[in-house]
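Each chain, written out:
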Amino acid sequence: MNRSGPREVLIEPYCIFCGQSTQHTEKHTFSVTIGNWTSQITFSYPTHPNCLQTAKKPLRNILIVTGGVAVVVFVLAAVLVNLVGMPDSGCVIAAAALAAAVAGYYVYHRFRGNFVKNFNAALRSYYDTHVQGETTYDPLSAVSTKQQESQTLIIDANGDSSGQYRTIYGAINAAREGDRILVRPGKYNARNRFGPEAAYRTGPILINKRVEIIGDGPRKEIVVEDAFGEGCFRMQTHQATLRNLTLVHNHPSKCAVEVVVGQLLIEDCDITDKGLSCVNVRGPMSEVTLKGCNIEGDHFQMRKQVGVLVYNRASAFIENCDIIASHLSGIEVRDGGRLNIRGSKVRNGYAAGILVREQAEAVVTDCEIYRNANPGISVSNGSKVTCLQSRIYDGKTVGIFIGSQSQGTIEECDIYGNTNSNVQIARGSNPIFRKSKIRDGRGDGVWAFEQGQGILEDCDIFGNAYAGIRICEESAPTIRHCNINGNGHQAIWVHDNGKGTVEDCDLTGNKRGSWLIESGGQVSKKNNQESEPEAPAPEDETPAPEPESDAADTVVETSIVAEETIPDEEETPAVTTEPEAPSPAVSVPDSSLVPPITTSHTSLTLIDSSQLGVPGAGGDAFQQAIQQMNNKNTDGAIRSLEEALDKGLDPLRQGYVHANLGTLLLKKNDLSGAVAQFMKVLESNQALYESAHDAAQYLNVILAEIGRNEEAALLSQLAVKTQAKLGYSLSPSVADDVRNKVRATNSK
């Protein structure tokens, strides 16, 4: 081929930041002048504009450092010329070499993580697309993809003659922009080919082109499975679609689908994950749309799992999906992430249903959020939620929690049947509840504490076990045009310097009357309908509907930190923190099973495990017991724990041993022995968070089952405090097992 004239040939450039194909090249030039000598340096590299915008700060730093070093070195060179008489050319060469070395060192250490990884991804993407032999490519005669017609590629894992490919990665490599890939029934491994034909790189299938990957047959028969721990799909192009597939991630790390850049549509898919999240979306250039999907965690595998994780200013739109049984939150949005969910269910999770934190935003419309172990919706750390026409019910703790300077608008929602307060407003938050029903909770209807603000307007608050609205600790909500009727205690209870404004409300028909104002409470009242208590409270019954505690029934606000792309520490299952009504068959005398619980048992000093000191003489037996518990050797672990106590341990480890002995004795159906061990934890002056957590959780369930609700509520406060630190709790199945043991003991 003859060529004439100057030309620059750039073979299929790939963005150095995200590794994707691009026709855009950035050039940055700066000059250094000393006297009559000028040096001009030009950086030229392919990149997407958005990628460059994201990376502009480190790039600027590189230019500043490089330019600064060059200027300093050239100044020194000029000094050497004047003092030593070194030739100008020698100084220039030496200075340039030194500047290049320093700049190169800085670039290497600044970018050897993400930069090198993405540059390698670009090379790998180029290799997969143009070198493997599944396509042919001539950079001098290639036709623009915009001019090419889309085609349909067929994949058949069973090697049927109608299938052009047997692997998904092979079809993607052969595909052009806009192609459709049909996947026939079969089981496909999620791994990418890299290098020579026989060499493979385990990992997710890289989607690096605008393609549609569609299951051609029954969804449950088209399975993409990851058995290597890297996930099923990794989205790394501007737009793509997954439809009618079953995705299975079997490894306790990473995630099933990861969106790093671009817009990914996932429609009519089943996603099951044993790792850290089913769908992970991160970065300001990432967006996922989930429609008609079933997303299910495997809570038997680990305690670090989110259904859908959206963070680092990423966005997610979820419609008509069912998100089930995640070990952490069903959906977590954080670090400026944005969520819009409608017509979906978030249920049976072992932590919060929807967790919105750290300046994130969420819009929830026409959804059902129920049977989650932590709050159905939790909003914290300056975040914002809008919840419209949704139902939040049957939660194991709180229906909606809004705390830590957050905001929310909740309209036309039905919040009911939650174990603690249906709604909690805390820590300077200022939400608006309008035209909603807050009803039939096992605690207060609404509890405002720790300077909680907010407006409740045109709401119906009824049928709650305790007060309709409880206000304390300098909280000051405004309540107007509300019907607060038929609650188990007062319509409104104000205490501990609580404040508020109540106007044009119906406060009639509550069991203990309209008001209980005490302990410095101040309320502005205007045009309210009020009534007296239906009947005087028994003398032996305390008027306070719930025990006071500096650790209210707060949401578990746990930290989810990405292990590169996925969370590492997070919340997990919670338990019922407000006592359930005891079964009529339960008649175990209080003193026969659990000693009296007082505030002294819940005010012990809690210590982080990182502050553990020297274990003592029983340290070896203690370590042996830990190994035996991991191996599920219950009898051996009990013997080793008792041996460790006999030989002597530091006080914190003693409490930890007592807590573990309690759980092991429960497995041996020794209920009284377990209670004795848990009480030893609570009777100490200080304890590890883990020890206090186990003792409070188990004893809370036992006390609730035998009808000692006030004492159970005391322990629930301690359980919530420790739960907020540790991010996990009892699973409902374990709690049910404990209740059954209590009933069995009673029947004997």
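Residues numbered from 1 in each chain as written. Predicted model: local features only at pLDDT ≥ 70, side-chain atom pairs only at ≥ 80, totals over all residues. Heavy atoms only, no water.

1. Describing the overall build of the protein chain
Phase 1 of the analysis: Counting its regular elements, the protein chain contains 14 helices and 49 strands.
Phase 2 of the analysis: Looking at the 748 residues of the protein chain, the share that counts as buried comes to 53%.
Phase 3 of the analysis: Sequence separation of 24 or more characterises 58% of the internal contacts of the protein chain that already satisfy a separation of 6 or more.
Phase 4 of the analysis: Summing over all exposed atoms, the protein chain offers an accessible surface of approximately 31,700 Å²; the carbon and sulfur share of this is 48%. (Helix = DSSP H or I, 4+ residues; strand = E, 2+ residues; numbered from the N terminus. Buried < 20%, exposed > 50% of the residue type's maximum accessible area, 1.4 Å probe, protein only. Contact = heavy atoms within 4.5 Å. Areas by Shrake-Rupley, 256 points an atom, 1.4 Å probe, with all protein chains shown as cover.)

2. Comments concerning the confidence of the model for the protein chain
Phase 1 of the analysis: With 67% of its residues at a pLDDT of 70 or more, the protein chain has an overall mean of 77.
Phase 2 of the analysis: Within the model, the stretch residues 119–147 combines pLDDT values under 50 with 50 contacts to residues more than four positions away or in other chains.
Phase 3 of the analysis: In the predicted structure, residues 192–201 sits below a pLDDT of 50 and forms 26 contacts with residues beyond four places in sequence or in another chain. (pLDDT = per-residue confidence, 0-100.)

3. Observations concerning unusual backbone geometry
Phase 1 of the analysis: One non-glycine residue with positive phi stands out, namely Asp-335, at about 50 degrees.
Phase 2 of the analysis: Note that Asp-335 resides in the loop between β21 (331–333) and β22 (338–342).

4. Remarks on helix α9 (residues 634–647)
Within an α-helix, residues lying three or four positions from one another point in the same direction, as the helix has 3.6 residues per turn.
Phase 1 of the analysis: With 14 residues, α9 should reach 20 Å at 1.5 Å per residue; the first-to-last C-alpha distance of 20 Å fits that figure.
Phase 2 of the analysis: Within the span of α9, buried status applies to Thr-634, Gly-636, Ala-637, Ile-638, Ser-640, Leu-641 and Ala-644. (Expected span 1.5 Å × (residues − 1).)

5. Here's the deal with the nonpolar core
Phase 1 of the analysis: Counting 90 residues, the largest nonpolar core has Ile-213, Phe-233, Phe-433 and Ile-492 as its most contacted members.
Phase 2 of the analysis: If you tally residues by element for this core, the top one is strand β13 (residues 255–267), at five residues.
Phase 3 of the analysis: Residue contacts for Ile-213: discarding those within four places in its chain leaves Ile-168, Ile-172, Ile-181, Val-183, Ile-207, Phe-233, Thr-241, Leu-242, Arg-243 and Leu-245.
Phase 4 of the analysis: In terms of nonpolar packing, the next biggest core, distinct from the first, is built from 46 residues, Leu-593, Leu-606, Ile-638 and Leu-649 among them. (Core = buried A, V, L, I, M, F, W, Y, C linked by side-chain atoms within 4.5 Å.)

6. Observations concerning the packing of aromatic side chains
Phase 1 of the analysis: Under the definition given, this model contains five aromatic pairs.
Phase 2 of the analysis: On the numbers, 4.9 Å between centres and 5 degrees between planes, the contact of Tyr-370 with Tyr-393 is stacked. Of this pair, Tyr-370 sits in strand β26 (residues 368–370) while Tyr-393 is found in strand β29 (residues 391–393), placing the two residues 23 residues apart along the sequence. The residues Tyr-370 and Tyr-393 share a single accessibility class, namely buried.
Phase 3 of the analysis: Seen in terms of ring centroids, Tyr-393 and Tyr-416 are 4.9 Å apart; in terms of plane orientation they differ by 0 degrees. Their pairing is stacked. Residue Tyr-393 is located in strand β29, and its partner Tyr-416 is located in strand β32 (residues 414–416); the two are separated by 23 residues in the primary sequence. Each member of the pair Tyr-393 and Tyr-416 is classed as buried.
Phase 4 of the analysis: Three or more aromatic residues joined by ring pairs form one cluster here, namely Tyr-370, Tyr-393 and Tyr-416.
Phase 5 of the analysis: One Lys or Arg, Arg-439, reaches over the ring of Tyr-416 and ends 4.0 Å from the middle of that ring. (Phe/Tyr/Trp six-rings, centres within 6.5 Å; stacked < 30°, edge-to-face > 60°. Lys NZ or Arg CZ within 6 Å of the ring centre and 35° of its normal.)

7. Re the packing of helix α11 (residues 671–682) against helix α12 (residues 689–705)
Phase 1 of the analysis: Where α11 meets α12, the axes come as close as 9 Å, and the angle between the chain directions of the two elements is 135 degrees. If you check the angle between α11 and α12, you find them oblique. The handedness of the crossing between α11 and α12 comes out as left-handed. The residues of α12 that touch α11, namely those facing Leu-671, Val-675, Phe-678, Met-679, Val-681 and Leu-682, are Ser-691, Ala-692, Asp-694, Ala-695, Tyr-698, Leu-699 and Ile-702. (Axes fitted to C-alpha atoms, helices over the stretch in contact; angles between N-to-C directions. Parallel < 35°, antiparallel > 145°, perpendicular 65-115°, else oblique. Left-handed = near helix turned anticlockwise from the far one by under 90°.)

8. Comments concerning the pattern of salt bridges
Close approach of charged atoms lets side chains of opposite charge pair.
Phase 1 of the analysis: Applying the stated rule across the entire model yields 28 salt bridges.
Phase 2 of the analysis: For Asp-737, the salt bridge goes to Lys-741, with nearest N and O atoms at 3.6 Å. Here Asp-737 pairs with Lys-741, and both are found in helix α14 (residues 732–747), just four residues apart, close to one helical turn.
Phase 3 of the analysis: Taking the relative accessible area as the measure of exposure, Asp-737 reaches 38% and is therefore partly exposed.
Phase 4 of the analysis: When salt bridges with common partners are traced through the structure, they connect Glu-332, Arg-334, Asp-335, Arg-357 and Glu-358 into a single cluster. (Salt bridge = Lys/Arg side-chain N within 4 Å of Asp/Glu carboxyl O.)

9. What to know about the state of the cysteines
Phase 1 of the analysis: If you walk through the whole model with that rule in mind, you get zero disulfides.
Phase 2 of the analysis: We note that Cys-269 lacks a disulfide partner, and the nearest cysteine sulfur, in Cys-293, lies 5.1 Å from it.
Phase 3 of the analysis: Free of any disulfide, Cys-459 has its nearest neighbouring cysteine sulfur in Cys-482, separated by 4.7 Å. (Disulfide = S-S within 2.5 Å.)

10. What about helix α10 (residues 651–667)?
Phase 1 of the analysis: With 17 residues, α10 should cover 24 Å at 1.5 Å per step; its first-to-last C-alpha distance of 25 Å lies within 8% of that length.
Phase 2 of the analysis: Of all 17 residues in α10, 13 are buried; the element is thus mostly enclosed.
Phase 3 of the analysis: Positive backbone phi, approximately 65 degrees, marks Asn-669, located one or two places after α10.

11. Concerning the side chain of Asp-650
Phase 1 of the analysis: You can see Asp-650 is positioned in the loop between α9 and α10.
Phase 2 of the analysis: Since its relative accessible area comes to 14%, Asp-650 is described here as buried.
Phase 3 of the analysis: A distance of 3.0 Å separates a polar atom in the side chain of Asp-650 from a polar atom in the side chain of Arg-653. (Polar contact = N/O pair within 3.5 Å; in protein donor to acceptor, adjacent residues only side chain to side chain.)

12. Section: the environment of Asp-226
Phase 1 of the analysis: Its place among the elements puts Asp-226 in strand β10 (residues 222–226).
Phase 2 of the analysis: Classification of Asp-226 by relative accessible area gives buried; the value is 0%.
Phase 3 of the analysis: When the C-alpha positions of Asp-226 and Leu-247 are compared, they lie 8.2 Å apart, and in sequence the two are 21 residues distant.
Phase 4 of the analysis: Within the structure, Asp-226 has its side chain in polar contact with the side chain of His-249 (distance 2.7 Å).

13. A closer look at the pairing of strand β28 (residues 384–388)
Phase 1 of the analysis: Only one face of β28 is covered, namely the face carrying Val-385 and Cys-387; the face carrying Lys-384, Thr-386 and Leu-388 is uncovered.
Phase 2 of the analysis: As defined by bridge partners, strand β25 (residues 361–365) adjoins β28 across five bridges and the pair is classed as parallel. Its bridge partner being in β28, Thr-365 is matched across the sheet by Leu-388.
Phase 3 of the analysis: Bridge analysis of β28 against strand β31 (residues 407–411) gives five bridges, and the strand direction is parallel. Residue pairing across strands places Thr-386 opposite Thr-409, the latter belonging to β31. (Pairing = 2+ DSSP bridges.)

14. Observations concerning the packing of α10 against α12
A pair of packed helices is characterised by two quantities: the angle between their axes and the separation of those axes.
Phase 1 of the analysis: Two elements in contact, α10 and α12, have axes separated by 8 Å at closest approach and are oriented at 35 degrees. Pair α10 / α12 crosses with left-handed handedness. Counting all contacts with α10, which are made through Leu-652, Gly-655, Tyr-656, Ala-659, Thr-663 and Leu-666, the residues of α12 involved are Glu-690, Ser-691, Asp-694 and Tyr-698.
Phase 2 of the analysis: Partitioned by chemical class, the residues of the contact of α10 with α12 number five nonpolar, three polar and two charged. (Nonpolar A, V, L, I, M, F, W, Y, C, P; charged D, E, K, R; others polar.)

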